[in-house]
Amino acid sequence: MMKPFIFISSLCFLLFLNACKTTKTSAPAAILPVPTEKQIAWHEMEQYAFIHFTTNTFTGKEWGYGDENPSIFNPTALDADQWVKVIKDAGLKAVILTCKHHDGFTLWPSKFTEHSIKASPYKNGNGDLVKEVSQACKKYGLKFGIYLSPWDRNHPDYGKPAYVEYYRNQLKELFTAYGPVFEMWFDGANGGDGYYGGKREKRSIRGATYYDWPRTLEIVRDIEPKIIFFSDAGPDIRWVGNERGVAGRTNWNNITSDTLYAGKAGIENLLNTGHENGKNWIPAEVDVSIRPGWFYHAEEDAKVKSPEKLFEIYLSSVGRGSNLLLNIPPDRRGLIHENDVASLQGWKKLMDEAFKVNLAKGSKVYANAVRGKNKAFKAGNLTDGKTGTYWAAPDDVKRAELVITLPSVRKISYVTLQEYIRLGQRIKSFSVEVQQGGSWKEVARETTIGYKRIVKIDSVETESVRIKILDSKACPVLSEIALF
Ligand code: FUL
Ligand code: CA
């Protein structure tokens, strides 16, 4: 028979072993707000194109008054496949088309108005550009999005309840016939004056209430449940506060939705940076045009943004945790102009060169703090190339150090960091250091990370890179670190 002492100690040991097996350290609790699944899918798209095309393309205006004769809409060599192919080759993932801009002319044969493509010479009035573009997107595997201007300078009822009915009918028409649609772009602009069925007067509306957005969005959601709504006010994604291609250097996805509504002025800075303690997850989308205007104007042919400028815009949008919506307006022929094509190709080349090989992938990585003893949250998750796995610190840790050691000395120019945003945006500040001659040298200090942060540093030869998380709302949780 076993002696009591030995028996008790063996029992304790067995119990201990069992405890080790079963008590897994739990994942960090989410820090609210967190993105929905459809917002995560949106973040992962990173960049896509805007297409501005209407009677403005033929009048040279940016905002048509609404009195344009549809007979001027006459692209002679239109090729929607060319648009989508150029966009796809540039590395963009979707197209959002101005189905109707402020002038009210519809690019599809809407049964609710005569002010449309059916009254134009294009295909003898049998054209349907929304159909052509959405089908080209399907053909090339790009997503399709809809811009339908709430402000309508042509419609006689604009400003009255009847117009809201008209607007909703068009939304139903579009979403029923041309889906799937990934994003709906609501423009807050309203300049007041217009043609309005011949009245030629100024009409103002109360942006916060006139369109009854909750009901209007519900109509669309009923048809397209996964839709992402863009507006100054969200609810899914927000405007970034400028049209220059620049997200805030500090960029929170968090913002409190009732501080926003479409067309509200004076909140550009808030839109640009979001707010650390904002109650809703409403990330910023960066809309910017490849040309000075949103529509094509021949006199701007020499002012197409250079590949270098587009690359800079990529860094200040996608590189700051936002998505890039790059406008590429087709010309009067109905083609993306040669200069724009050349710029886009040059940009793609710069991107491919800069981000060709992730030097960190599979590299050794050390963390001075790891959550629990099991492997679920290990430092190695930072360099496995998978955004679904992450490193996490223990709950009480808000500062941490991560060191990546490469197999040999390499030239580094970009450091990319990604938070595991399913658990909320946490990091408030961090620095990047490189090892040189046996000591660490700080090469960058930034604030937020979010879905993705690309830090450009002066190119440096090094074997080790150290990331210091300097402050965080809660224990940091990062899914990936990449070095280029
Ligand atoms: C603005 C509009 O007024 C411009 O014409 C353009 O469509 C831009 C994307 O949004 O609010
Ligand atoms: Ca990972």
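Every chain is numbered on its own, with residues counted from 1 as its sequence reads. A letter from A marks each chain and a number from 1 marks each ligand, given out in the order of writing. In keeping with the model being predicted, local features are shown solely for residues with a pLDDT of at least 70 and side-chain atom pairs are shown and tallied solely at 80 or more, while totals for entire chains, interfaces and linings include all residues. Neither water nor hydrogens contribute to the side-chain values; these are computed over all heavy atoms in the structure.

Chemist: Summarise the overall build of the protein chain; cite the residues concerned and give the values.
Modeler: Strands are runs of DSSP state E lasting at least two residues, helices are runs of H or I lasting at least four, and both sets are numbered from the N terminus onward. When helices and strands are tallied, the protein chain shows 10 helices and 19 strands. In the protein chain, which comprises 484 residues, the proportion classed as buried is 57%. Of the side-chain charges in the protein chain, 65 are positive and 56 negative, and the distance between the mean point of each set is 7 Å. For every residue, the accessible area (1.4 Å probe, protein chains only) is compared with the maximum for its type, and the residue is labelled buried under 20%, exposed over 50%, or partly exposed between those bounds. Asp and Glu count as negative and Lys and Arg as positive, but His and the ends of the chain are not part of the count. For charged residues, the charge sits on one atom: NZ in Lys, CZ in Arg, CG in Asp, CD in Glu.

Chemist: Can you lay out the coordination of the calcium ion (ligand 2) for me, pointing to particular residues and giving the numbers?
Modeler: Any N, O or S atom lying within 2.8 Å of the metal counts as a donor, and for Na, K and Ca the limit rises to 3.2 Å; water is left out, so some sites can look incomplete. Taken together, Asn-381 (O), Asp-384 (OD), Lys-386 (O), Thr-389 (O), Thr-389 (OG1), Ser-479 (O) and Glu-480 (OE) make up the protein donors of the calcium ion (ligand 2), found 2.2 to 2.7 Å from the metal. Relative accessible area serves as the criterion here: at 7%, Glu-480 is assigned to the buried category.

Chemist: I'd like a description of the packing of aromatic side chains, backed by residues and values.
Modeler: Each Phe, Tyr or Trp ring, with Trp reduced to its six-membered ring, pairs with another whose centre is within 6.5 Å; inter-plane angles below 30 degrees give stacked pairs, above 60 give edge-to-face pairs, and intermediate values give tilted ones. Scanning the entire structure with this criterion turns up 31 aromatic pairs. Taking 5.4 Å as the distance between ring centres and 80 degrees as the angle between the ring planes, the aromatic pair formed by Tyr-48 and Phe-182 counts as edge-to-face. Placement of Tyr-48 in strand β1 (residues 47-51) and of Phe-182 in the loop between α6 (161-177) and β4 (183-185) is noted, with a sequence separation of 134 residues between them. The class of Tyr-48 is buried, set by a relative accessible area of 0%. Measuring from centroid to centroid gives 5.9 Å for Tyr-158 and Tyr-210, while their planes differ by 75 degrees, and the two rings are edge-to-face. Residue Tyr-158 is located in the loop between β3 (143-148) and α6, and its partner Tyr-210 is located in the loop between β6 (201-202) and α7 (213-223); the two are separated by 52 residues in the primary sequence.

Chemist: Can you break down the side chain of His-52 residue by residue, with the values?
Modeler: Along the polypeptide, His-52 turns up in the loop between β1 and α3 (56-59). Of the polar contacts made by the side chain of His-52, one reaches the side chain of Asn-327; its length is 2.9 Å. Contact criterion: two residues are considered in contact whenever any of their non-hydrogen atoms come within 4.5 Å of each other. Residues within four places of His-52 in sequence aside, it is in contact with Thr-98, His-101, Trp-294, Phe-295, Asn-327, Pro-329 and Pro-330. Whenever two N or O atoms come within 3.5 Å, that pair is a polar contact, provided that in protein one can donate a hydrogen and the other can accept it, and provided that, for residues adjacent in sequence, both atoms are side-chain atoms.

Chemist: Account for the pattern of salt bridges, with residues named and values stated.
Modeler: Within this document, salt bridges are pairs made up of a side-chain nitrogen of Lys or Arg and a carboxyl oxygen of Asp or Glu, the two lying within 4 Å of each other. As enumerated under the stated definition, the model contains 31 salt bridges in all. Notably, a salt bridge pairs Arg-168 with Asp-212, separated by 3.8 Å at the nearest N-O pair. With Arg-168 in helix α6 and Asp-212 in the loop between β6 and α7, this residue pair connects regions lying 44 residues apart in the sequence. The salt bridge partner of Lys-428 is Glu-276, with a shortest N-O separation of 3.2 Å. Remark: Glu-276 occurs in the loop between α8 (268-273) and β10 (280-281) and Lys-428 occurs in strand β16 (residues 427-436); sequence separation between them is 152 residues. For Lys-428, a relative accessible area of 25% translates into the label partly exposed.

Chemist: Explain the domain arrangement of the protein chain to me, using residue names and the numbers behind them.
Modeler: Each assigned domain of the protein chain is listed here: domain 1 (37-355) and domain 2 (364-483). Domain start and end points were adopted from an automatic or database domain assignment. Relative placement of domain 1 and domain 2: their C-alpha centres are 36 Å apart. Opposite the 23 residues of domain 1 that make contact, domain 2 presents 20 residues. Accessible area, probed at 1.4 Å, shrinks when two parts are joined; the buried area is that loss added up over both. Buried surface at the junction of domain 1 and domain 2, summed over both partners, amounts to about 1900 Å²; 52% is from carbon and sulfur atoms. When the area that domain 1 buries against domain 2 is broken down by residue, the three leading residues are Arg-249, Trp-252 and Trp-281, summing to 26%. Taken together, domain 1 and domain 2 are joined by four salt bridges. For the pair domain 1 and domain 2, the interface holds 14 residue pairs in polar contact (both at pLDDT 80 or more). Of all the elements, helix α2 (residues 37-45) adds the most residues to the side of domain 1 that touches domain 2, at four residues.

Chemist: Before we move on, could you go through the site of ligand 1 and cite the residues and values that matter?
Modeler: One heavy atom suffices: a residue is near a molecule or strand as soon as one of its heavy atoms comes within 4 Å of it. Phe-50, His-52, Trp-63, His-101, His-102, Tyr-147, Trp-185, Asp-187, Ala-189, Glu-243, Asp-287 and Trp-294 make up every residue found near ligand 1. Here an oxygen atom of ligand 1 and a side-chain polar atom of His-102 are 2.9 Å apart. Here the nonpolar group is Ala, Val, Leu, Ile, Met, Phe, Trp, Tyr, Cys and Pro; Asp, Glu, Lys and Arg are the charged ones; every other residue, Gly included, is treated as polar. Broken down by class, the residue content of the shell around ligand 1 amounts to six nonpolar, three polar and three charged.

Chemist: Outline the environment of Thr-59, supporting the account with residue identities and numerical values.
Modeler: Assignment of secondary structure puts Thr-59 in helix α3. The class of Thr-59 is partly exposed, set by a relative accessible area of 34%. The sequence separation of Thr-59 and His-297 amounts to 238 residues, and the corresponding C-alpha distance is 9.0 Å. Not counting chain neighbours up to four residues away, the residues in contact with Thr-59 comprise Glu-68, Ile-72 and Arg-332.

Chemist: Give me unusual backbone geometry: which residues, what numbers.
Modeler: Pro-33 follows Leu-32 through a cis peptide bond whose omega is 0 degrees. Along the chain, Pro-33 turns up in the loop between α1 (4-22) and α2. Omega for the peptide link from Gly-179 to Pro-180 comes to -5 degrees, which places this bond in the cis form. Inspection of the secondary structure puts Pro-180 in the loop between α6 and β4.

Chemist: Explain the pairing of β16 to me, using residue names and the numbers behind them.
Modeler: Summarising burial for β16: seven of the 10 residues are buried, a large majority. Two strands pair when backbone bridges link them, and β16 and strand β17 (residues 439-446) are joined in this way by seven bridges, in the antiparallel orientation. Paired with Gln-435 across the two strands is Trp-440, which belongs to β17. For two strands to count as paired, DSSP must find a minimum of two bridges between them. Connecting β16 to the next strand, β17, in antiparallel fashion are two residues, including Gly-437 with a positive phi near 55 degrees.

Chemist: Lay out the sheet that holds β4 in plain terms, naming residues and giving numbers.
Modeler: A barrel is described by the order of its strands in space; here eight strands give the closed sequence β1-β2-β3-β4-β7-β8-β11-β12, paired in parallel fashion. Shown here is a sheet whose adjacent strand axes are inclined to one another by a mean of 25 degrees, direction ignored. In terms of strand pairing, β1 meets strand β12 (residues 323-327) through four bridges, oriented parallel. Bridge pairing in β12 links Tyr-48 to Leu-325. Simply put, an axis is a line fit to the C-alpha atoms, just over the touching stretch for a helix, and the angle between two N-to-C directions goes from 0 to 180 degrees.

Chemist: Can you break down a positive patch on the surface residue by residue, with the values?
Modeler: A patch is a set of surface residues, each over 30% in relative accessible area and not in a salt bridge, joined within 9 Å for like charges and within 5 Å for the nonpolar side chains Val, Leu, Ile, Met, Phe, Trp and Tyr. The accessible surface values rely on the Shrake-Rupley method and a 1.4 Å probe; as for residues, cover is taken only from the protein chains in view. The grouping of Lys-361, Lys-375, Lys-378 and Lys-386 at the surface amounts to a positive patch. You can see Lys-378 is positioned in the loop between β13 (364-367) and β14 (391-392).

Chemist: Could you give an account of the environment of Thr-216, with specific residues and numbers?
Modeler: Here Thr-216 lies in helix α7. Between the C-alpha atoms of Thr-216 and Gly-145, which are 71 residues apart in sequence, the distance is 17 Å. Those residues in contact with Thr-216 that sit more than four places away from it in its chain are Tyr-167, Arg-168, Leu-171 and Tyr-211. Engagement of the side chain of Thr-216 in a polar contact is seen with the side chain of Arg-168, the distance being 3.0 Å.

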